[in-house]
Amino acid sequence: SDISLPVMPLASVKMGVLGDIRGYCWVIIQLVQKDFLIGLAENATYDLKKIKQKTDPYEWSISILEEMGNIISGTYLGAINRFCRLNIPHTIPVLEKDLYGTLQSISLESMIKAHTDFKIESVIFVQSELVVMGITLKMYYMIFIGNGFVKKLIKAMDSARRIMEF
C-alpha cells in the first residue's frame with residue numbers, strides 16, 4: 001500500500017540497518033523545514049565563520065541534514081536496542097539525491113525495489129512532530145526490515161514485555 005506524505009518537496013536521509021536486524025531506514029522531512037533546521041544548527045555552532053569559510057554552503061547543508069538523520073535514527077534504533085536487547089546499529093547517513101525532490105506519495109513497493117538489495121518483509125513507519133521555538137517540525141521515519149528478521153524482532157519484543165511484567 002501507499003503512505004501519503006505531504007504534497008510538497010521532501011528531503012530524505014537513508015541509512016542501512018545492521019546487526020541483529022537487517023534492512024534500511026529513512027528520515028524524511030519537508031524541504032521547507034530544512035532551512036529552519038540548518039539555521040538552528042548554525043546558531044548552535046561555535047566559530048561558524050571559520051567553518052563556513054572552509055566549507056561549501058551546499059555541502060554544509062547536506063552535512064546538517066545527514067547528521068539530523070543520524071541523530072533521529074540513532075534515537076529510534078537505540079530505543080529498540082534497549083527495549084528488545086538487540087544490537088541494531090545503522091550505517092553512515094547519506095542524503096538521497098533521487099528523493100530530494102517533489103514526492104506526493106511514496107509507493108512502498110517501488111521504494112523497496114529501487115533502494116534495497118534484498119527482500120523486505122515489513123515496514124515500521126513513525127510520524128513525529130517536534131516543536132522548536134514555537135515552530136512545529138514534522139518528520140517521518142521508516143525502517144524497512146529484511147526478510148526473516150521480523151520474527152526475531154517480535155520474539156525480542158515479547159521477551160522484553162515479559163520482563164517488564166515482573
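In this text the structure is predicted, and so the values were computed from the model without any measurement.

Trainee: Looking at this model, I keep getting lost on the overall build of the chain. Mind explaining?
Mentor: Counting its regular elements, the chain contains five helices and six strands. Ordered by position from N to C terminus, the α and β elements of the chain give β-β-α-α-α-β-β-α-β-β-α. The proportion of buried residues among the 166 residues of the chain is 40%. Contacts spanning at least 24 positions in sequence make up 69% of the contacts within the chain whose residues lie at least 6 apart.

Trainee: Please explain the side chain of H90 as it appears in this structure.
Mentor: Inspection of the secondary structure assignment puts H90 in the loop between α3 (57–84) and β3 (94–95). Of the polar contacts made by the side chain of H90, one reaches the side chain of N70; its length is 3.2 Å. With residues up to four places along the chain from it excluded, the contact list for H90 reads M15, G16, N70, S73, G74 and L77.

Trainee: Could you clarify how one ought to interpret the nonpolar core in this entry?
Mentor: Generally speaking, soluble globular proteins have nonpolar side chains that are buried together. Judged by nonpolar contacts, the single largest core of 27 residues is most densely connected at I29, L65, M68, L86, Y141 and I143. Elements that contribute at least two residues to this core include exactly β1 (2–17), β2 (23–30), α3, β6 (135–146) and α5 (150–165). The element contributing the most residues to this core is α3, with six residues. Once you skip the residues sitting within four places of it in the chain, M68 turns out to touch V27, I29 and L37. If you look at the next biggest cluster of nonpolar residues, it comprises eight residues, including I28, I120, Y140 and F144.

Trainee: Explanation requested: the pattern of salt bridges in the structure shown.
Mentor: Pairs can form between side chains of opposite charge whenever their charged atoms are close. Under the counting rule described, the total for this entry stands at two salt bridges. Among the ionic pairs, K152 bridges to D20, the shortest N-O distance being 4.0 Å. One end of the pair, K152, is in helix α5; the other, D20, is in the loop between β1 and β2, and 132 residues separate them in sequence.

Trainee: In this structure, what is going on with α3? I would like to understand it.
Mentor: Residues that lie three or four places apart on an α-helix share one face, since the helix turns once every 3.6 residues. Along its 28 residues, α3 runs 40 Å from first to last C-alpha, staying within 8% of the 40 Å computed at 1.5 Å per residue. Of the residues one or two after α3, R85 is the one with positive phi, at around 55°.

Trainee: How should helix α1 (residues 31–44) be read in this particular structure?
Mentor: The end-to-end C-alpha distance of α1, which contains 14 residues, comes to 21 Å, matching closely the 20 Å that a straight helix rising 1.5 Å per residue would cover. Here α1 has its buried residues at Q33, K34, L37, I38 and E42.

Trainee: In this structure, what is going on with the packing of aromatic side chains? I would like to understand it.
Mentor: Given two aromatic rings, one states the distance between the centres and the angle between the planes to describe the pair. Taken as a whole, this structure holds four aromatic pairs when the rule is applied. For the ring pair W26 and F144, a centre distance of 4.7 Å and an interplane angle of 70° mean the geometry is edge-to-face. Linking W26 in strand β2 with F144 in strand β6, this pair joins segments that are 118 residues apart in sequence. In this structure, W26 and F144 share a single accessibility class: buried. Centre to centre, the rings of Y76 and Y141 are 4.8 Å apart; their planes meet at 15°, and the pair counts as stacked.

Trainee: What is the right way to read the packing of α1 against α3 from this model?
Mentor: Axes are the key here: two packed helices are described by the angle between their axes and the distance separating the axes. Direction vectors running N to C along α1 and α3 enclose 90°, while the axes themselves pass 10 Å from each other. By the angle between their axes, α1 is roughly perpendicular relative to α3. Where α1 abuts α3, its residues K34, L37, I38, A41 and E42 lie against W60, S61, I64, L65 and M68.

About the criteria used
Residues numbered from 1 in each chain as written. Predicted model: local features only at pLDDT ≥ 70, side-chain atom pairs only at ≥ 80, totals over all residues. Heavy atoms only, no water. Helix = DSSP H or I, 4+ residues; strand = E, 2+ residues; numbered from the N terminus. Buried < 20%, exposed > 50% of the residue type's maximum accessible area, 1.4 Å probe, protein only. Contact = heavy atoms within 4.5 Å. Polar contact = N/O pair within 3.5 Å; in protein donor to acceptor, adjacent residues only side chain to side chain. Core = buried A, V, L, I, M, F, W, Y, C linked by side-chain atoms within 4.5 Å. Salt bridge = Lys/Arg side-chain N within 4 Å of Asp/Glu carboxyl O. Expected span 1.5 Å × (residues − 1). Phe/Tyr/Trp six-rings, centres within 6.5 Å; stacked < 30°, edge-to-face > 60°. Axes fitted to C-alpha atoms, helices over the stretch in contact; angles between N-to-C directions. Parallel < 35°, antiparallel > 145°, perpendicular 65-115°, else oblique.

Interpretation in functional terms is not warranted from these geometric data alone.
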